[in-house]
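Topology and contacts: notes
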Amino acid sequence: MKKKLLGLAIFSAVLLIAGAAWATAPGQSREPAVVEPSGVTVTIPPHARQIADGVFSLGNALDPQSGQLVEGYAFVHYKDGKIKPGGGSVKPPTCYSYLAKGAKWKTVEPWVVNPTNTRGLSGDFVFGNLGYDISKWEDAADGYVNGVEGWNILGNGESTSEVLEADMVAPDNKNEVYFADISDPNVIAVTIVWGYFGGPIYARQLVEWDQVYDNVTFDWSSSGEAGKMDFENIATHELGHSVGMNDLYTSTCSQETMYGYAALGEVIKQTLNAGDIKGVNALY
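Overview of the overall build of the chain
Within the chain, the regular secondary structure consists of 4 helices and 14 strands. Considering the chain as a whole, with its 284 residues, one finds that 51% of them fall into the buried category. The long-range share in the chain, meaning contacts at least 24 apart out of those at least 6 apart in sequence, stands at 72%. For the chain, the computed accessible surface area is about 12,200 Å², with 54% contributed by carbon and sulfur atoms.

Details of the nonpolar core
Most often, soluble globular proteins have nonpolar side chains that are buried together. With 47 residues, the main nonpolar core has L130, Y213, W220 and F231 as its most contacted residues. Elements that contribute at least two residues to this core include exactly β6 (69–78), β7 (111–114), α2 (123–140), β9 (175–182), β10 (187–196), β11 (205–214), α3 (231–243) and α4 (274–283). For W220, the contacting residues outside a window of four places in its chain are R119, G120, L121, F179, I188, Y213, D214, K228, M229, D230, F231 and I234. The next biggest cluster of nonpolar side chains, apart from the first, holds 19 residues, and it includes V70, A166, Y178 and A180.

Side note on the side chain of E176
With respect to the helices and strands, E176 occurs in strand β9. Reaching out from E176, the side chain makes a polar contact with the backbone nitrogen of E165 at a distance of 3.4 Å. Those residues within four positions of E176 in sequence are excluded, and the remaining contacts are V112, L164, E165, D167, W209, D210 and Q211.

Describing the packing of aromatic side chains
Applying the stated rule across the entire model yields 12 aromatic pairs. Both rings, one in F179 and one in Y213, keep their centres 5.9 Å apart while their planes meet at 40 degrees; by these two values the pair is tilted. In this pair, F179 is assigned in strand β9 and Y213 in strand β11, connecting sequence segments 34 residues apart. Across this residue pair, the class does not change: F179 and Y213 are buried. Three or more aromatic residues joined by ring pairs form one cluster here, namely F125, F179, Y213, W220 and F231.

Considering the pattern of salt bridges
Across all of its chains, the model carries 6 salt bridges by this definition. Here K136 ties to E232 by a salt bridge, and the two come within 2.6 Å at their closest N and O atoms. You can see K136 sitting in helix α2 and its partner E232 sitting in helix α3, a full 96 residues away along the chain. The exposure classification of K136 matches that of E232, with both residues buried.

Some details on α4
The complete set of buried residues in α4 reads G275, D276, I277, G279, V280 and L283. Check the buried side of α4 and you find it contacts α2 and α3.

Looking at unusual backbone geometry
Phi at C95 is positive, roughly 65 degrees, even though this residue is not glycine. Looking at the secondary structure, you find C95 in the loop between β6 and β7. Not every positive phi belongs to a glycine, and N173 is a case in point at roughly 70 degrees. Mapped onto the fold, N173 is located in the loop between β8 (157–159) and β9. On the basis of relative accessibility, which here comes to 36%, the residue N173 falls in the partly exposed class.

Section: α2
With 18 residues, α2 extends 26 Å from end C-alpha to end C-alpha; this agrees with the ideal 26 Å at 1.5 Å per step. Residues of α2 that are buried make contact with β7, β9, α3 and α4.

Considerations on the state of the cysteines
A covalent bond between the sulfur atoms of two cysteines is referred to as a disulfide. Applying the stated criterion across every chain yields a total of 1 disulfide. Note that C95 is cross-linked by a disulfide to C253, the S-S spacing being 2.2 Å. In this structure the cystine formed by C95 and C253 twists about its S-S bond by roughly -95 degrees; its chirality is therefore left-handed. Taken together, the positions of C95 in the loop between β6 and β7 and C253 in the loop between α3 and β14 (261–263) put the pair 158 residues apart, joining distant regions of the chain. In this pair, the class of C95 matches that of C253, namely buried.

Comments concerning the confidence of the model for the chain
Per-residue confidence for the chain gives a mean pLDDT of 81; residues scoring 70 or more make up 77%. Within the chain, the element-level pLDDT minimum falls on helix α1 (residues 12–15), averaging 32, and the maximum on α2, averaging 98. Within the model, pLDDT remains below 50 along residues 1–33, and this stretch shows 116 contacts once partners closer than five positions in the same chain are excluded. Within the model, pLDDT remains below 50 along residues 85–90, and this stretch shows 6 contacts once partners closer than five positions in the same chain are excluded.

Quick notes on the rules
- Residues numbered from 1 in each chain as written.
- Predicted model: local features only at pLDDT ≥ 70, side-chain atom pairs only at ≥ 80, totals over all residues.
- Heavy atoms only, no water.
- Helix = DSSP H or I, 4+ residues; strand = E, 2+ residues; numbered from the N terminus.
- Buried < 20%, exposed > 50% of the residue type's maximum accessible area, 1.4 Å probe, protein only.
- Contact = heavy atoms within 4.5 Å.
- Areas by Shrake-Rupley, 256 points an atom, 1.4 Å probe, with all protein chains shown as cover.
- Core = buried A, V, L, I, M, F, W, Y, C linked by side-chain atoms within 4.5 Å.
- Polar contact = N/O pair within 3.5 Å; in protein donor to acceptor, adjacent residues only side chain to side chain.
- Phe/Tyr/Trp six-rings, centres within 6.5 Å; stacked < 30°, edge-to-face > 60°.
- Salt bridge = Lys/Arg side-chain N within 4 Å of Asp/Glu carboxyl O.
- Expected span 1.5 Å × (residues − 1).
- Disulfide = S-S within 2.5 Å.
- pLDDT = per-residue confidence, 0-100.

Printed below as a string of structure tokens:
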């Protein structure tokens with residue numbers, strides 16, 4: 001059974017239009033996704049607009065670092081989904097896509113993770129593996145995967161035992177990762193991204209990312225075990241979104257890390273493919 005990865009499922013053609021306005025699709029509801037870390041409940045706020053299945057516009061809010069208005073999006077992805085057919089065009093697909101053209105990190109910020117989980121992963125592994133997975137994208141940003149040169153994109157991480165909260169109302173100048181009880185049993189993870197996605201390409205920028213991984217429905221593995229989600233496989237994909245990469249949903253791009261579906265026990269997304277490398281290099 002294919003599991004749909006947490007992805008930033010904004011349609012590329014829409015995001016590339018400067019200043020595009022989001023509108024709630026006809027017939028779609030505002031059913032909130034609930035995330036419950038210890039002692040805290042985070043929900044999609046009432047003002048959020050559902051713009052696609054599992055995708056909510058959080059509207060505009062002040063970025064505490066710059067004092068400027070930024071846009072926020074929450075992405076709630078479910079385990080079921082249909083693979084879109086590929087190979088219909090004369091040219092092969094590019095096999096990379098962006099959240100919005102030019103939207104990338106222009107400053108280096110630290111990130112923090114509370115690695116506590118009850119689904120089979122040690123805290124040391126979660127912290128170390130997140131750093132390793134980030135390094136893959138940073139290494140590839142120069143167009144080569146050789147561990148020699150690259151870009152410092154997402155900065156250094158820190159492990160904490162404090163309760164973290166995904167920011168659904170406004171950014172808080174913290175990039176947070178943690179495990180939590182996601183109330184819908186079909187949801188693997190939730191990501192929130194804040195940034196400037198419209199206007200002139202040169203002015204677009206990412207300013208914050210938060211990630212929540214399921215702590216109840218899915219067992220996690222550090223070695224690609226059958227019947228479990230491989231953390232490195234999923235996290236490498238999710239961190240692609242954090243640096244500005246979008247999901248791919250054509251079967252002809254199924255070998256890419258940013259392909260939008262994953263199976264239990266899958267490990268192919270641990271290693272960046274040609275489209276992933278070319279895309280992040282062109283962005284940075």
